[in-house]
There are 2 protein chains.
Amino acid sequence: MKLSTKGRYGLRALIDLAQYSTEAPVSITSISARQDLSERYLEQLMSMMKKAGLVKSVRGAGGGYVLAKDMAEISVGDVLRALEGSLEPVECAGLEPDGGCKAADYCVTKYVWQRINDSISQTVDEIRLDQLVEESRRKQCAGMDRTACKN
Amino acid sequence: MKLSTKGRYGLRALIDLAQYSTEAPVSITSISARQDLSERYLEQLMSMMKKAGLVKSVRGAGGGYVLAKDMAEISVGDVLRALEGSLEPVECAGLEPDGGCKAADYCVTKYVWQRINDSISQTVDEIRLDQLVEESRRKQCAGMDRTACKN
DNA sequence: AGTAAATCCTAGTAAATTACTAGGAGATAA
DNA sequence: TTATCTCCTAGTAATTTACTAGGATTTACT
């Protein structure tokens with residue numbers, strides 16, 4: 001039940017992007033320098049977030065990434081699902097109307113997986129990027145030594 | 001953010017055990033037959049749950065496993081933590097008073113991981129084995145074809 | 001026109017983890 | 001004494017993770 005580096009790094013990167021892209025697009029190079037992440041790897045994460053419609057890219061010199069929508073419109077759930085895939089603790093935990101497991105009616109554990117799924121979904125969907133950015137400003141995270149912590 | 005087969009199989013096995021161990025201990029052979037699980041693998045899961053104090057074993061012929069405490073005293077959280085290890089979505093998500101990450105005061109994402117951790121913990125800790133057993137009886141899960149579903 | 005700074009896209013790959021299997025020792029009831 | 005159990009340690013194939021590598025393409029600037 002661990003998040004991978006994709007989700008962890010990606011959320012950090014997006015918070016960074018949200019803070020620094022108010023005027024011009026922000027390059028992968030600058031994000032990875034501030035956040036101490038591999039440029040090549042971050043590239044892939046940004047690509048995933050782009051496909052998910054969270055960021056837009058500007059190609060060529062002076063280019064980079066910008067948020068595709070308002071910070072308040074992006075939830076942690078959007079970010080993590082873009083990077084981790086479904087957050088369901090097991091494959092069948094979702095609420096598919098019909099496509100789900102045939103055995104669902106007789107499945108006790110499905111109730112458990114669904115409860116876990118619901119609680120995760122609810123919390124990640126209610127935390128939005130603007131809150132995190134504000135929190136980051138308040139804590140003056142810019143001065144934080146990123147090599148100390150990989151989360 | 002997926003549970004492994006340990007957690008999935010193990011919870012199923014323990015529900016099965018709770019239902020069938022009212023009189024005599026239940027053997028791994030019988031659980032694995034009913035639940036369509038590998039005996040050897042289940043053996044390991046039972047051993048983990050024993051170490052965690054959830055079940056007791058009776059060795060020798062006619063032996064097997066019994067719950068170590070009342071069904072109502074065992075939560076899904078107890079079971080999953082015994083089998084999966086910590087349920088924290090990232091290493092630092094817990095509430096360690098001091099042993100935690102040095103950067104915590106400056107770490108925005110830690111807030112996120114902790115919120116997720118808290119919501120998972122709360123839901124798994126409030127679901128107890130007796131509820132699941134009752135639900136299983138109500139649904140007549142005994143007739144379920146276990147080969148159809150691995151969760 | 002040329003160059004530097006960017007994103008974009010696909011593959012490859014070492015390390016770690018998962019999900020088992022295998023073998024055999026020891027305990028106990030019949 | 002034998003069949004049925006738990007117990008314990010190792011091994012291992014398959015999968016996933018976390019990257020790295022190479023190069024094509026786009027664009028601003030001089």
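Keep in mind that this is a model prediction, so the values were computed, not measured. (Residues numbered from 1 in each chain as written. Chains lettered and ligands numbered in written order. Predicted model: local features only at pLDDT ≥ 70, side-chain atom pairs only at ≥ 80, totals over all residues. Heavy atoms only, no water.)

**Observations concerning the protein's contact with DNA strand C**
To keep things clear, this is the line we draw: Working definition: residue near molecule or strand if any one of its non-hydrogen atoms lies within 4 Å of it. Any N or O atom pair separated by 3.5 Å or less is treated as a polar contact, with the protein-specific requirement of one donor-capable and one acceptor-capable atom, and with residues adjacent in sequence counted only for side-chain atom pairs. Here a strand is any run of E in DSSP of at least two residues, a helix any run of H or I of at least four, and the numbering for each starts at the N terminus. When residue character is reported, Ala, Val, Leu, Ile, Met, Phe, Trp, Tyr, Cys and Pro are called nonpolar, Asp, Glu, Lys and Arg charged, and the others, Gly included, polar.
Near DNA strand C, the surroundings consist of 23 residues, among which K50(A), S57(A), Y65(A), R40(B) and Q44(B) are the closest. Within the side chain of Q44(A), a nitrogen or oxygen atom sits 3.3 Å from a base nitrogen of DNA strand C. Residue S38(B) places a side-chain N or O atom 2.7 Å away from a phosphate oxygen belonging to DNA strand C. Looking at the surface near DNA strand C, the elements with two or more residues in it are helix 3 (39–51), strand 1 (55–58) and strand 2 (64–67) of chain A together with helix 1 (5–20) and helix 3 (39–51) of chain B. With four residues, helix 3 of chain A is the single largest residue contributor to the surface near DNA strand C. Tallied by class, residues from the surface near DNA strand C come to seven nonpolar, ten polar and six charged.

**Concerning the interface of chain B and chain A**
Cut-off, in case you're wondering: For this analysis, residues touch if any pair of their heavy atoms sits within 4.5 Å. Summed over both partners, buried area is the accessible surface (1.4 Å probe) that two parts give up on being assembled. Between Lys or Arg on one side and Asp or Glu on the other, a salt bridge is scored when a side-chain nitrogen of the former is within 4 Å of a carboxyl oxygen of the latter.
Contact residues are listed per partner, giving 48 residues for chain B and 48 residues for chain A. Between chain B and chain A lies a buried interface of about 4,100 Å² when both sides are counted; carbon and sulfur atoms form 70% of it. Three residues stand out in chain B for area buried against chain A, namely M1(B), K2(B) and V108(B), and they jointly supply 18% of the buried area on that side. The interface formed by chain B and chain A holds two salt bridges in total. With its nearest N and O atoms 2.5 Å apart, the salt bridge here joins E126(A) to R115(B). For the interface between chain B and chain A, the tally reads twelve residue pairs in polar contact (both at pLDDT 80 or more). Of all elements in the fold, only helix 1, helix 4 (76–84), helix 5 (108–126) and helix 6 (129–139) of chain B reach the threshold of two or more residues within the side of chain B that touches chain A. Looking at the side of chain B that touches chain A residue by residue, the classes come out as 27 nonpolar, nine polar and twelve charged.

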